[in-house]
Amino acid sequence: MSKLGEIFKAAGVSEISIITIIQKLKNNPIEAMTAIQALNLPNDTVQNIMGTVMMNPKAIEELAFELGLDDKDVQAIKSKLNQTTEM
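Since this is a predicted model, take the numbers as computed values, not measurements.

### Considering the overall build of the protein chain
Stage number 1. Each helix and strand counted, the protein chain has 6 helices and 0 strands in total.
Stage number 2. Starting at the N terminus and ending at the C terminus, the protein chain contains elements arranged as α-α-α-α-α-α.
Stage number 3. For the protein chain, the C-alpha radius of gyration of 12 Å lies close to 12 Å, the compact-globule estimate for 87 residues.
Stage number 4. Seen through its principal axes, the protein chain has C-alpha atoms that stretch 30 × 30 × 20 Å.
Stage number 5. The proportion of buried residues among the 87 residues of the protein chain is 33%.
Stage number 6. Counted over contacts in the protein chain with a minimum sequence separation of 6, partners at least 24 positions apart contribute 65%.
Stage number 7. For the protein chain, the exposed surface amounts to about 5500 Å²; the carbon and sulfur share of it is 54%.
Stage number 8. If the 8 positive side-chain charges of the protein chain are averaged to one point and the 11 negative ones to another, these points end up 3 Å apart.

Here it is, written out as structure tokens:
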């Protein structure tokens, strides 16, 4: 299991919720952050998620593949994240 997957699992986040968050990344990364905040996770868990993504930008891609998303979805997510970081 990926590091990001382990963090979500340890926090008791369902696979459906994780997939929803990843799908939101395709449209708007801010929506994904809002969805993470809506889970009411402890601050240290949210910081752990964000730190993992910042240290390993491919963590989201690894988690998406782990959850069965196809390459087309993963590429759309990567494209949207690249657009967001270029602003």
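### Description of helix α2 (residues 15–27)
Stage number 1. Its 13 residues place the ends of α2 19 Å apart at the C-alpha level, agreeing with the 18 Å of an ideal helix rising 1.5 Å per residue.
Stage number 2. Listed as buried for α2 are I18, I21, I22 and L25. For α2, the angular spread of the buried residues around the axis is 95°, confining them to a single face. Facing away from the buried side of α2 by over 90 degrees, the exposed positions are I16 and N27.

### Concerning the environment of S2
Stage number 1. Along the polypeptide, S2 turns up in the segment before α1 (3–10).
Stage number 2. A polar side-chain atom of S2 sits 3.0 Å from the main-chain amide nitrogen of G5.

### Quick notes on the confidence of the model for the protein chain
Stage number 1. Across the protein chain, the average pLDDT comes to 87, with 95% of residues at or above 70.
Stage number 2. Summarising per-element confidence for the protein chain, the mean pLDDT is lowest in helix α6 (residues 71–85) (75) and highest in α1 (95).

### Quick word on the nonpolar core
Stage number 1. Residues L4, F8, I18, I22 and L63 are the most contacted members of the largest nonpolar core, which totals 22 residues.
Stage number 2. Every element with two or more residues in this core is listed here: α1, α2, α3 (29–38), α4 (43–55), α5 (59–66) and α6.

### Quick look at the packing of α2 against α3
Stage number 1. Orientation of α2 relative to α3, taken along the N-to-C sense of each, is 155°, at an axis distance of 6 Å. Judged on the interaxial angle alone, α3 and α2 are roughly antiparallel. Facing α2, whose interface residues are I21, K24, L25 and N27, α3 presents P29, E31, A32, A35 and I36.

Conventions and cut-offs
- Residues numbered from 1 in each chain as written.
- Predicted model: local features only at pLDDT ≥ 70, side-chain atom pairs only at ≥ 80, totals over all residues.
- Heavy atoms only, no water.
- Helix = DSSP H or I, 4+ residues; strand = E, 2+ residues; numbered from the N terminus.
- Rg over C-alpha atoms; globule rule 2.2 N^0.38 Å.
- Buried < 20%, exposed > 50% of the residue type's maximum accessible area, 1.4 Å probe, protein only.
- Contact = heavy atoms within 4.5 Å.
- Areas by Shrake-Rupley, 256 points an atom, 1.4 Å probe, with all protein chains shown as cover.
- Lys, Arg positive; Asp, Glu negative; His and termini not counted.
- Charge placed at Lys NZ, Arg CZ, Asp CG, Glu CD.
- Expected span 1.5 Å × (residues − 1).
- Arc of directions from axis to C-beta.
- Polar contact = N/O pair within 3.5 Å; in protein donor to acceptor, adjacent residues only side chain to side chain.
- pLDDT = per-residue confidence, 0-100.
- Core = buried A, V, L, I, M, F, W, Y, C linked by side-chain atoms within 4.5 Å.
- Axes fitted to C-alpha atoms, helices over the stretch in contact; angles between N-to-C directions.
- Parallel < 35°, antiparallel > 145°, perpendicular 65-115°, else oblique.

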